[in-house]
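# Per-entry structural report
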Amino acid sequence: MPDRQRRIDSAEFIKANMRLVPVPALAEIRFYTAHPGSGLSRLIDPEDDADEAAAEPQPPYWAYAWAGGAVLARYILDHPMTVAGRRVLDLGAGSGIVGIAAAKAGARQVIAAEIDRNGVVAIGLNAAANGVAIAVVNDDITKGSPPSVDLVLAGDVFYGQDVAERVMPFLDRCFAAGIEILVGDPGRVHLPRSRLRLLAEYDVPDFGDAKDAAARPSGVFRLETEPGG
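Scoring rules and cut-offs
Residues numbered from 1 in each chain as written. Predicted model: local features only at pLDDT ≥ 70, side-chain atom pairs only at ≥ 80, totals over all residues. Heavy atoms only, no water. Helix = DSSP H or I, 4+ residues; strand = E, 2+ residues; numbered from the N terminus. Areas by Shrake-Rupley, 256 points an atom, 1.4 Å probe, with all protein chains shown as cover. Pairing = 2+ DSSP bridges. Axes fitted to C-alpha atoms, helices over the stretch in contact; angles between N-to-C directions. Contact = heavy atoms within 4.5 Å. Polar contact = N/O pair within 3.5 Å; in protein donor to acceptor, adjacent residues only side chain to side chain. Left-handed = near helix turned anticlockwise from the far one by under 90°. Nonpolar A, V, L, I, M, F, W, Y, C, P; charged D, E, K, R; others polar. Salt bridge = Lys/Arg side-chain N within 4 Å of Asp/Glu carboxyl O. Buried < 20%, exposed > 50% of the residue type's maximum accessible area, 1.4 Å probe, protein only. Phe/Tyr/Trp six-rings, centres within 6.5 Å; stacked < 30°, edge-to-face > 60°.

A word on the overall build of the protein chain. Helix and strand counts for the protein chain stand at six helices and nine strands. Within the structure as shown, the protein chain displays about 11200 Å² of accessible surface, and the carbon and sulfur contribution to it stands at 50%.

Put into structure tokens, the structure is as follows:
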């Protein structure tokens, strides 16, 4: 029993049990991704699952490529002047794909915000595998003031109502502070379309799609209006 209670070294587990492969539709970036034999449930710390009110542990979203992050990364690599020389925040960074693209495209500084401790480790490994440096914040920064950045990149932050309701006020504060905000999303129901202008579309697969499913259009948007505007 003591062995089961000991926290697994996340970095060693990821390197041993996940595959370092190119991101689908984004061959310039490699990341550690899960496969059927990865056994990601072993990464769940007993302390993380101690709250009996939580019916199930949080799924490892960081272990997969999501459409919103993929289209943001693709757009940044295709339009490097979007980030060149700028301070960039990758919000809800997951595996760090968007931040890695920004660093590759010449961002002056990249900060990745991710609340999952295993995701934080994965971001560091993925950044190193791609030869870039990213500062990682393991905290829910949506509760605070706008960070000292020029651009916020928000991929796949509208996948659920509770998440959208937490993220949108933070983006509003960033917008009011003069920070540019780009959103990547495949068109989920909670996307605030009335406040966004479509910049580009790319066909990419999404997390949860069947393995043989065709890639679908996903969009890159700019937040352009005030609340209620």
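Let's shift gears to the sheet that holds strand 9 (residues 216-223). Taken in spatial order, the seven strands line up as 5-4-3-6-7-9-8 in an open sheet, and their pairing is mixed. In this open sheet, the two strands that pair with only one neighbour each are strand 5 (135-137) and strand 8 (196-204). Across the sheet, the mean angle separating the axes of adjacent strands is 20 degrees when strand polarity is ignored. Strands strand 3 (87-91), strand 6 (151-155), strand 7 (180-185) and strand 9 of the sheet are contacted by helix 6 (residues 161-176), whose axis makes an angle of about 170 degrees with strand 3.

Regular strands have side chains that alternate between both faces of the sheet. Sheet topology places strand 1 (residues 19-23) next to strand 2 (residues 26-33); five bridges connect them, and they run antiparallel. Its bridge partner being in strand 2, Val-23 is matched across the sheet by Leu-26. Between strand 1 and strand 2, which pair antiparallel and follow one another directly, the connecting turn spans two residues, one of which, Ala-25, has a positive phi of 65 degrees.

This next bit is on the side chain of Thr-82. Take Thr-82: it is sitting in the loop between helix 3 (67-78) and strand 3. A polar side-chain atom of Thr-82 sits 2.9 Å from the main-chain carbonyl oxygen of His-79. The contacts of Thr-82, once residues within four sequence positions are left out, are Tyr-75, Leu-151 and Leu-182.

This next bit is on the packing of helix 2 (residues 10-17) against helix 5 (residues 117-129). Between helix 2 and helix 5, whose axes approach to 9 Å, the crossing angle comes to 65 degrees. Crossing of helix 2 against helix 5: the hand is right-handed. For the pair helix 2 and helix 5, contact is made by Ser-10, Ala-11, Ile-14 and Lys-15 and by Arg-117, Asn-118, Val-121, Ala-122 and Leu-125, respectively. A class-by-class count of the residues in the contact of helix 2 with helix 5 yields five nonpolar, two polar and two charged.

Moving on: the pattern of salt bridges. Throughout the structure, instances matching the rule amount to 14 salt bridges. Ionic pairing is found between Glu-224 and Arg-222, a salt bridge with its closest N-O pair at 4.0 Å. Relative accessible area serves as the criterion here: at 36%, Glu-224 is assigned to the partly exposed category. By relative accessible area, Arg-222 is classed as partly exposed at 22%.

Across all of its chains, the model carries three aromatic pairs by this definition. Ring centres of Tyr-61 and Trp-66 lie 5.0 Å apart, and the angle between their planes is 85 degrees; on these two criteria the pair is classed as edge-to-face. Given the relative accessible area of 26%, Tyr-61 is considered partly exposed. Residue Trp-66 is classed as buried on the basis of its relative accessible area of 12%. Three or more aromatic residues joined by ring pairs form one cluster here, namely Tyr-61, Trp-66 and Tyr-159.

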